[in-house]
Amino acid sequence: MDTSSKENIQLFCKSSMQTVGRSSFKTEYSSSKEKQRCCGKLKVFLGALSFVYFAKALAEGYLKSTITQIERRFDIPSSMVGVIDGSFEIGNLLVIMFVSYFGAKLHRPKIIGTGCLIMGVGTMLIAMPQFFMQQYRYEKYSPFSNSTLSLSPCLLESDSQLPLSVIEKSQSKRNDGCVQTVAIIGPIFGFLLGSLCAKLYVDIGFVNLDHVTITPKDPQWVGAWWLGYLIAGIVSLLAALPFWCLPKSLPRPRSREDSNSSSEKSKFIMDDHTEYQTPLGEKSKIMEMARDFLPSLKNLFGNPLYLLYLCASTVQFNSLFGMVTYKPKYIEQQYGQSSSKANFVIGLINIPAVAFGIFSGGIVMKKFRINVYGAAKLYLGSSVLGYLLFLSLFALGCENSDVAGLTVSYQGTKPVSYHERALFSDCNSRCKCSETKWEPVCGENGITYASACLAGCQTSTSSGKTLIFYNCTCVGIAASKSGNSSGMVGRCQKDNGCPKMFLYFLVISVITSYTLSLGGIPGYILLLRCIKPQFKSFALGIYTLAIRVLAGIPAPVYFGILIDTSCLKWGFKRCGRRGSCRLYDSNAFRHIYLGLTVMLGTVSIFLSIAVLFTLKKNCVSKHRSFRTKTEGTMVSTRIRKENCTTSDHLLQPNYWPGKETQL
C-alpha cells in the first residue's frame, strides 16, 4: 500500500476517536466516509481470498484428475500414486499450525500472499519431470503405411523378435458460504482442465502428432498431465498480487463498533484493536505470543465437543478423500470410460452438486435461524442419508470384461479361478509370446486378448492408424457369432447393460454428493460456535492440520494399497520391476472402493452422534445453571427488597425500637 493510503487510514482512525464536540454534519460525513472505505477494502479482501480458494482448489482438483495419467506415464501402482497425492498436503504440516496462531496477530494479507507464491511455485514444479525425462514410449505394432501390409505377430515372436517400440513425442449472499462456495468452483475447473489435457498427447509440442498411432481410447494413452500444473501454478501466482496492497487490519466503522448485529464472519475478519496489543500500543513480541501457545493448545483439546467433532470430521474426510481421489479410476475401470470422459462428468456433474449442497445448507441455516443444536442435527442427518444412498452403488456395477486367460477361459465358456489363470493355451503355445506385454486385442467373439501374439494371430493389415489382425487361432476356437477369427487393436467394450448402469451411477452419485455436502455449513458453524472467540483462528488451524495429516495424506495411500489387491494383470518396466496395473477385477475393485468408503462413513456417523449427545448435555447443563442462577438472583432480589423495606421502616422519624411492644 502507498504512503498516501496509509495516511488516509491513519487520519480516518484519528477522526473516529474525536470527541463529541464536533458538529453533527462532520460526524455523519466522517462516519459515512469511513464506512465506505472499510466496506471497499473488505470487499477487496473477500474477493482476493475467494480467488485464492479458487486457485488452491483448482490445483487440488486437477491433481485428482491426473491420477491415472501419472500412473501410466511413470508406470507405478496405485499405492505409489496415493503417496504422491498425499504428499501434496505435506507442505502444510510444517507451517499451518503456527501460521494459524501467529497469523491472527501478524500481517494476515502478506502471510496469505507469501503462501500463494509458495503454492504457485510448488505447483509448477510438479510439471518439471516432463522436461527432464525421456519421451513417452508405448509398445505397439506399427502401421508402416496406408496401404495393406502383411505382418505376422505370432511368427515375429516365434523368432524371438520383440514387438516394435515406437518412440513418440507428440506436439504435443455475500455472507458465510460466499468464500466456501467459490472454493468449490475451483475443482470444477480443475477436473474440466484435466479432461481437456487428457485428450492431448503427453509429449505435445515435442513430436509430430501424425506419428502417434494410439488414440485417447487406447489403454496405453497418456495425456498432457503436466500442462494443467503450469496453468494452475500461474493462477496461484496471480492470486498473490492483491494481498501485498492490503493493510494489516481493517478499522471497524464507528457506527458499528458497539453493534452486536455484525456477522460472525465480519468479526472474524476485522481486527478488534483491543486484542493482541499491549496497553501502550506496542507490537506484541513473538516470544510473548509463543509463551501462550501451549496453554491455548491445551484449552482447545480440553473441550470435549471440539475434540469429538474433530475426530468425526477426520474420519469422514478419510472417506471422502479416498473416494474422490480414485473416482476417475473407478469410472474408467468399472464402466469402461475414457480418462477424459471420467474427468468431464465429475467436473460438470458431481462437483456442482457439492457446491449447490453447501450453498443450500447455508440458506437453510439462515432462513430458519437454526441454532447450534439444530446445526448438529442437520450435520448428522445429511451424513446418515448420504451414506444410505451410497449403499445403492453396490448394485450398480458392471461385470468383468471377458479377457482370455484372466477372467474367462480361451474357450470363452466359463470364468477362470485364481489358480487357473494362465495367459498361455494350446492355441498360442507355438508362438512363444511374452506374458508381460499388454497390447490388448479385441476378437470378433467379444473376448479381449492380452496381445495379438497371445490371440494366435497370423497376419495383419493396416489402413492409417487402424490395425486389424486375421487368422487368430485363439479367436477361432471360441464361440463366435460371425464365425470370423479376426481382431482389432484395443479392449472390447463392456456388456450392453453397462452404459445404463453408468447412467444410474451418475444419478445416484449426484444425489449423494448433494446430500453429504448439505451438512457442510452446519458443521462449519458448529465448529466455530463450540470454541471461545479468542481461539477461533487457532482452532481452525488445528482443524485444518488434523484433516490434512490424518485424512488428506494417509487416505489416498491405503485406498491405493487395497485397490492394488484387486489387480489381475500387472505391467512390467523395462528393467523387469513391476509397473502399473493393466487390468482390475471389477467386482473386487467395486467392493473395496465402495466398502471402505461406507465403513469410514459409518464410523464418522457414530462419532457425530456422540457430538450431538455431548452438545445436548452441555445445553441442559447450561440451562440448569442458568435457572439456578436466575432463581438465586430472584431470591436475593426479594431479600434485598425486604431489607430495603425494613431499612426504610427503621428510618422513619416516628419509629423507635420497642414501639409496637409498648403500644
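Note on numbering: residues in each chain are counted from 1, in written sequence order. Where totals are concerned, whole chains, interfaces and linings use all residues; where local detail is concerned, this predicted model gives features only for residues with pLDDT of at least 70, and gives and counts side-chain atom pairs only at 80 or more. To get the side-chain values, all heavy atoms of the structure are used, and hydrogens and water are removed first.

Where an unreviewed UniProt entry is consulted, the chain appears under the name Solute carrier organic anion transporter family member, with the organism given as Neomonachus schauinslandi. UniProt positions are given in the numbering used here, feature names are shortened, and annotations may be inferred rather than shown by experiment. As stated in UniProt under Subcellular location (unreviewed entry), the record for the chain gives "Cell membrane". Taken from UniProt, the Sequence similarities (unreviewed entry) comment for the chain reads in full: "Belongs to the organo anion transporter (TC 2.A.60) family."

**As for the overall build of the chain**
Only DSSP runs of H or I covering at least 4 residues are called helices, and only runs of E covering at least 2 are called strands; the numbering of each starts at the N terminus. The secondary structure content of the chain amounts to 24 helices and 9 strands. Relative accessibility decides the category of a residue: with a 1.4 Å probe and only protein chains considered, values under 20% of the type maximum give buried, values over 50% give exposed, and everything between is partly exposed. Buried residues in the chain amount to 46% of all 663 residues.

**A closer look at the sheet that holds strand β7 (residues 487-489)**
Pairing between two strands is assigned when DSSP locates at least 2 bridges connecting them. Across the sheet, 5 strands lie side by side as β4-β3-β7-β6-β5; this open sheet has antiparallel pairing. Sheet topology places β4 (448-449) and β5 (459-463) at the edges, where each strand pairs with a single neighbour. For β5 and strand β6 (residues 466-470), the ladder comprises 5 bridges, and the chain directions are antiparallel. Paired with Thr-459 across the two strands is Tyr-470, which belongs to β6.

**A look at unusual backbone geometry**
One can expect most non-glycine residues to show negative phi and most peptide bonds to be in trans. Phi is positive for Arg-369, which is not a glycine, with a value near 50°. Turning to its location among the elements, Arg-369 is positioned in the loop between α16 (339-367) and α17 (372-391). Accessibility expressed as a relative area gives 74% for Arg-369, which makes it exposed. The backbone phi angle of Asn-471 is positive, close to 55°, even though this residue is not glycine. With respect to the helices and strands, Asn-471 occurs in the loop between β6 and α18 (473-477).

**Description of the pattern of salt bridges**
The salt bridge definition used is simple: a Lys or Arg side-chain nitrogen within 4 Å of an Asp or Glu carboxyl oxygen. Overall, the coordinates contain 6 salt bridges when judged by the stated rule. Here Arg-548 ties to Glu-60 by a salt bridge, and the two come within 3.7 Å at their closest N and O atoms. In this structure Arg-548 comes out as buried when scored by relative accessible area, which is 11%. A single network of salt bridges, built from pairs that share partners, joins Lys-56, Glu-60 and Arg-548.

**Some thoughts on the nonpolar core**
Here, nonpolar core means buried Ala, Val, Leu, Ile, Met, Phe, Trp, Tyr and Cys residues that are tied together by side-chain atoms lying within 4.5 Å of each other. Residues Tyr-330, Ile-331, Tyr-335, Phe-502, Phe-505 and Tyr-593 are the most contacted members of the largest nonpolar core, which totals 39 residues. For each domain, the first and last residues come from an automatic or database assignment. For this core, the two domains that each supply at least three residues are domain 1 (36-137 + 162-249) and domain 2 (294-398 + 497-629).

**With respect to helix α13 (residues 293-301)**
Within the sequence span of α13, burial applies to Phe-293, Ser-296, Leu-297 and Leu-300. Along the axis of α13, the buried positions cluster into a sector of 100°, meaning they face one direction only. Residues Leu-294 and Lys-298 are exposed on α13 and point more than 90 degrees away from its buried face. For this quantity, the arc is that covered by the directions from the helix axis to the C-beta atoms.

**Remarks on a nonpolar patch on the surface**
Here, patches come from residues exposed beyond 30% relative accessible area and free of salt bridges, joined within 9 Å for like charges and within 5 Å for nonpolar side chains (Val, Leu, Ile, Met, Phe, Trp, Tyr). What sets the accessible areas is the Shrake-Rupley method with a 1.4 Å probe; for residues, cover comes only from the shown protein chains. Where nonpolar side chains cluster on the molecular surface, the patch consists of Ile-90, Leu-93, Leu-94, Val-95, Val-549 and Leu-550 and spans about 510 Å² of accessible area. Within the residue set of the nonpolar patch, elements represented by two or more residues are α5 (90-102) and α21 (536-552). Tallying contributions element by element places α5 first for the nonpolar patch, with 4 residues.

**Things to note about the environment of Cys-457**
Relative to the elements of secondary structure, Cys-457 occurs in the loop between β4 and β5. Here the alpha-carbon distance between Cys-457 and Cys-472, two residues 15 residues apart in the chain, equals 3.6 Å.

**Notes on the packing of aromatic side chains**
Side-chain rings of Phe, Tyr and Trp (the six-membered ring for Trp) are treated as a pair once their centres are within 6.5 Å; stacked means planes under 30 degrees apart, edge-to-face means over 60, and tilted covers the remaining angles. Applying the stated criterion across every chain, the model contains 25 aromatic pairs. Ring centres of Tyr-309 and Tyr-379 lie 5.6 Å apart, and the angle between their planes is 50°; on these two criteria the pair is classed as tilted. Here Tyr-309, found in helix α14 (residues 304-325), pairs with Tyr-379, found in helix α17; they are 70 residues apart in sequence, far enough to count as distant. Exposure class is identical for Tyr-309 and Tyr-379. Each is buried. Pairing Tyr-330 with Phe-505 gives two aromatic rings, centres 5.8 Å apart and planes at 45°, and the pair type is tilted. On the criterion of sequence distance, the pair formed by Tyr-330 in helix α15 (residues 327-335) and Phe-505 in helix α19 (residues 498-517) is long-range, its members being 175 residues apart. Residue Tyr-330 shares its accessibility class with Phe-505, and that shared class is buried. Ring pairs connect the aromatic residues Tyr-330, Tyr-335, Phe-502, Phe-505, Tyr-584, Phe-589 and Tyr-593, which therefore count as one cluster.

**What about the pairing of strand β9 (residues 578-584)?**
Within β9, 5 of the 7 residues are buried, which leaves the element mostly enclosed by the surrounding structure. Direction of pairing for strand β8 (residues 567-572) relative to β9: antiparallel, over a ladder of 4 bridges. Looking at the pairing, Trp-570 lines up with Cys-581 of β9. Where β8 folds back on β9, the antiparallel hairpin that results is connected by 5 residues, among which Gly-576 adopts a positive phi of roughly 100°.

**Comments concerning the packing of α16 against α19**
Throughout, an axis means a line fitted to C-alpha atoms (over the contacting stretch in the case of helices), and angles, computed between N-to-C directions, take values from 0 to 180 degrees. At their nearest, the axes of α16 and α19 sit 7 Å apart, and the two run at 30° to each other. Relative to α19, the element α16 is oriented roughly parallel. Relative to α19, the crossing made by α16 is right-handed. Mapping the contact onto sequence places Lys-341, Val-345, Ile-349, Asn-350, Ala-353, Val-354, Phe-356, Gly-357, Ile-358 and Ser-360 in α16 and Phe-502, Leu-506, Ser-509, Val-510, Ser-513, Tyr-514 and Ser-517 in α19. Classification convention: Asp, Glu, Lys, Arg as charged; Ala, Val, Leu, Ile, Met, Phe, Trp, Tyr, Cys, Pro as nonpolar; all other residues, Gly among them, as polar. Grouping the amino acids of the contact of α16 with α19 by side-chain chemistry returns 10 nonpolar, 6 polar and 1 charged. Small angles under 35 degrees read as roughly parallel and large ones over 145 as roughly antiparallel, with 65 to 115 read as roughly perpendicular and the rest as oblique. In this scheme the handedness of a crossing depends on how the near helix is turned from the far one: anticlockwise by less than a right angle means left-handed, clockwise means right-handed. A contact between two residues is defined here by any heavy atoms of the two lying within 4.5 Å.

**Some words on the environment of Thr-544**
With respect to the helices and strands, Thr-544 occurs in helix α21. Here the alpha-carbon distance between Thr-544 and Leu-310, two residues 234 residues apart in the chain, equals 9.5 Å.

**Describing the side chain of Ser-604**
Here Ser-604 lies in helix α23 (residues 586-650). Judged by its relative accessible area of 1%, Ser-604 is buried. In protein, a polar contact means a hydrogen-donor-capable atom and an acceptor-capable atom, both N or O and within 3.5 Å, with residues adjacent in sequence counting only if both atoms are side-chain atoms; elsewhere, any N or O pair within 3.5 Å suffices. Side-chain polar atoms of Ser-604 contact the backbone oxygen of Gly-601, separated by 2.6 Å. Among residues more than four places away in sequence, those in contact with Ser-604 are Ala-312, Val-315, Gln-316 and Tyr-387.

**Some remarks on α16**
For a helix, the expected span equals 1.5 Å multiplied by the residue count minus one. In this model, α16 (29 residues) spans 41 Å end to end at C-alpha, consistent with the 42 Å of a helix rising 1.5 Å per residue. The term bend refers to the angle at a residue between two fitted axes, each drawn through seven residues, those ending there and those starting there. Residue Ile-346 marks the point of greatest curvature in α16, where the axis turns by about 35°. Directly after α16, the chain includes Arg-369, whose backbone phi takes a positive value near 50°.

**Quick look at the confidence of the model for the chain**
Residue-level pLDDT values for the chain average 77, and 70% of them are 70 or greater. The low-confidence segment residues 1-29 (pLDDT under 50) makes 21 contacts with residues lying over four places distant or belonging to another chain. The predictor's confidence in any single residue is recorded as pLDDT, a number from 0 to 100. The model gives residues 255-283 a pLDDT under 50, and that stretch makes 38 contacts with residues more than four places away or in other chains.

**What about the state of the cysteines?**
What makes a disulfide is a covalent bond joining the sulfur atoms belonging to two cysteines. The disulfide criterion used throughout: a pair of cysteine sulfur atoms within 2.5 Å. Taken as a whole and assessed by the stated rule, the structure comprises 6 disulfides. The side chain of Cys-427 participates in a disulfide bridge whose partner is Cys-474; the two sulfur atoms lie 1.9 Å from each other. Around the S-S axis, the bridge from Cys-427 to Cys-474 shows a dihedral of about 95° and counts as right-handed. Pair noted here: Cys-427 is in the loop between α17 and β3 (441-443) and Cys-474 is in helix α18, with a separation of 47 residues, a long-range link. For Cys-427, a relative accessible area of 12% puts it in the buried group. Judged by relative accessible area, Cys-474 falls into the buried class, the value being 0%. Linked covalently through their sulfurs, Cys-433 and Cys-453 form a disulfide whose S-S length is 1.9 Å. A torsion of -85° about the S-S bond marks the disulfide between Cys-433 and Cys-453 as left-handed. Of this pair, Cys-433 sits in the loop between α17 and β3 while Cys-453 sits in the loop between β4 and β5; the two residues are 20 residues apart in sequence, bridging distant segments of the chain. The residues Cys-433 and Cys-453 share a single accessibility class, namely buried.

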